[in-house]
Amino acid sequence: MPDADPGPLLRKTAPDLGPDVALLAEAVVEAGATALKHFRRDPRVWMKAGDSPVSEADLEADRLLHARLLGARPAYGWLSEETADNPGRLDRTRVFVVDPIDGTRAFIAGEPVWAVSAAVVEAGRPVAGALYQPATGDLMLAAAGRGAWRGGERLSVSGRRDLQGARVAGPRRFFERPEPRPHDLEAHPFVPSLALRVAWVATGRLDLAVASARSHDWDLAASDLLVHEAGGRLVTAEGAPLAYNAAVPRHPALAAMTPGLAAPALALLGAMAYR
């Protein structure tokens, strides 16, 4: 388990990516330390609408992020999975988009594949992002036009151009089908955090990540920027980029990929009928 003190981790981070990224990085690491206090310690859990769980760690991390981020940038709007939506965000030039624990089911089960995700969105697109996996100490940062980084390493997508044998992660219902997978895809074990699933395309760990419909801004904004700045794409089945901070912050089926896989990946996404 990584040290809860964010100082050593942040001192190993990327080159200067601007004040908003620095703020996000500090906040997600601190929120991750808060969540780790409950990890594998039987936190209290409630069920939200749609049979979705939320734990006391989600709520504590959300409060911390709200205080740290809006305390530093009171003019920004706020959109979080664990905060009641305020339509006033639609009138703000910049908006924080936050998921205090992406992958809550994994967190509750004591599995390490969960993350704290935070981004700044402007004009419908993320311009600053931080994604932190507290159980492993993995911090990834991105700024529009300045690259995606893990520590001093600049991230880059894999560059694969053929779906044959591509490393792909997506919904269980596709990979658990009895019939053979098309293209002899190498199915990665299910990644319960959608933010990490998408971001692992930015690192080259995956060539392709797919998601069924009804994901939300907070699942995707930081990872979208990571993938984009690493040279990849996150798009709908029609090939369109995502727009954030809409009145309804929800999205259709998606695919994150290295650019060379765009055409076959979109055809595969359409065939999977996740529209």
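Read on for an overview of the structure. All values derive from a computational prediction rather than experimental measurement.

### So, the pattern of salt bridges
Scanning all chains against the criterion turns up 13 salt bridges. A salt bridge links glutamate 56 to arginine 44, with the shortest nitrogen-to-oxygen separation between them at 3.3 Å. One end of the pair, glutamate 56, is in helix H3 (residues 56-72); the other, arginine 44, is in the loop between helix H2 (19-36) and strand S1 (45-48), and 12 residues separate them in sequence. Glutamate 56 gets classed as buried once you look at its relative accessible area, which sits at 14%.

### Considerations on H2
Relative to the 26 Å expected for 18 residues at 1.5 Å per residue, H2 spans 26 Å between its end C-alpha atoms, a close match to the ideal helical length. For H2, the tally of buried residues reaches 14 of 18 residues, placing the bulk of the element in the interior.

### Describing unusual backbone geometry
At arginine 40, a residue that is not glycine, the phi angle is positive and equals roughly 60°. Mapped onto the elements of the fold, arginine 40 is located in the loop between H2 and S1. The phi dihedral of arginine 214 falls on the positive side, at around 85°, and the residue is not glycine. Along the polypeptide, arginine 214 turns up in the loop between strand S12 (208-211) and strand S13 (215-216).

### Digging into the nonpolar core
Core analysis: the biggest nonpolar cluster contains 39 residues, and Leu131, Leu196, Leu220, Leu226 and Leu234 have the highest contact counts within it. Mapped onto this core, the elements with two or more residues apiece are strand S4 (94-102), strand S5 (115-122), strand S7 (138-143), helix H6 (194-203), S12, helix H7 (217-229) and strand S16 (254-257). No other element matches the eight residues that H6 contributes to this core. Not counting residues within four places of it along the chain, the set of residues in contact with leucine 220 comprises Leu194, Val198, Ser215, Leu234, Leu242, Tyr244, His251 and Leu254. By size, the runner-up hydrophobic cluster in this structure holds 28 residues, among which are Ala31, Ala61, Leu139 and Trp149.

Cut-off values and rules
- Residues numbered from 1 in each chain as written.
- Predicted model: local features only at pLDDT ≥ 70, side-chain atom pairs only at ≥ 80, totals over all residues.
- Heavy atoms only, no water.
- Salt bridge = Lys/Arg side-chain N within 4 Å of Asp/Glu carboxyl O.
- Helix = DSSP H or I, 4+ residues; strand = E, 2+ residues; numbered from the N terminus.
- Buried < 20%, exposed > 50% of the residue type's maximum accessible area, 1.4 Å probe, protein only.
- Expected span 1.5 Å × (residues − 1).
- Core = buried A, V, L, I, M, F, W, Y, C linked by side-chain atoms within 4.5 Å.
- Contact = heavy atoms within 4.5 Å.

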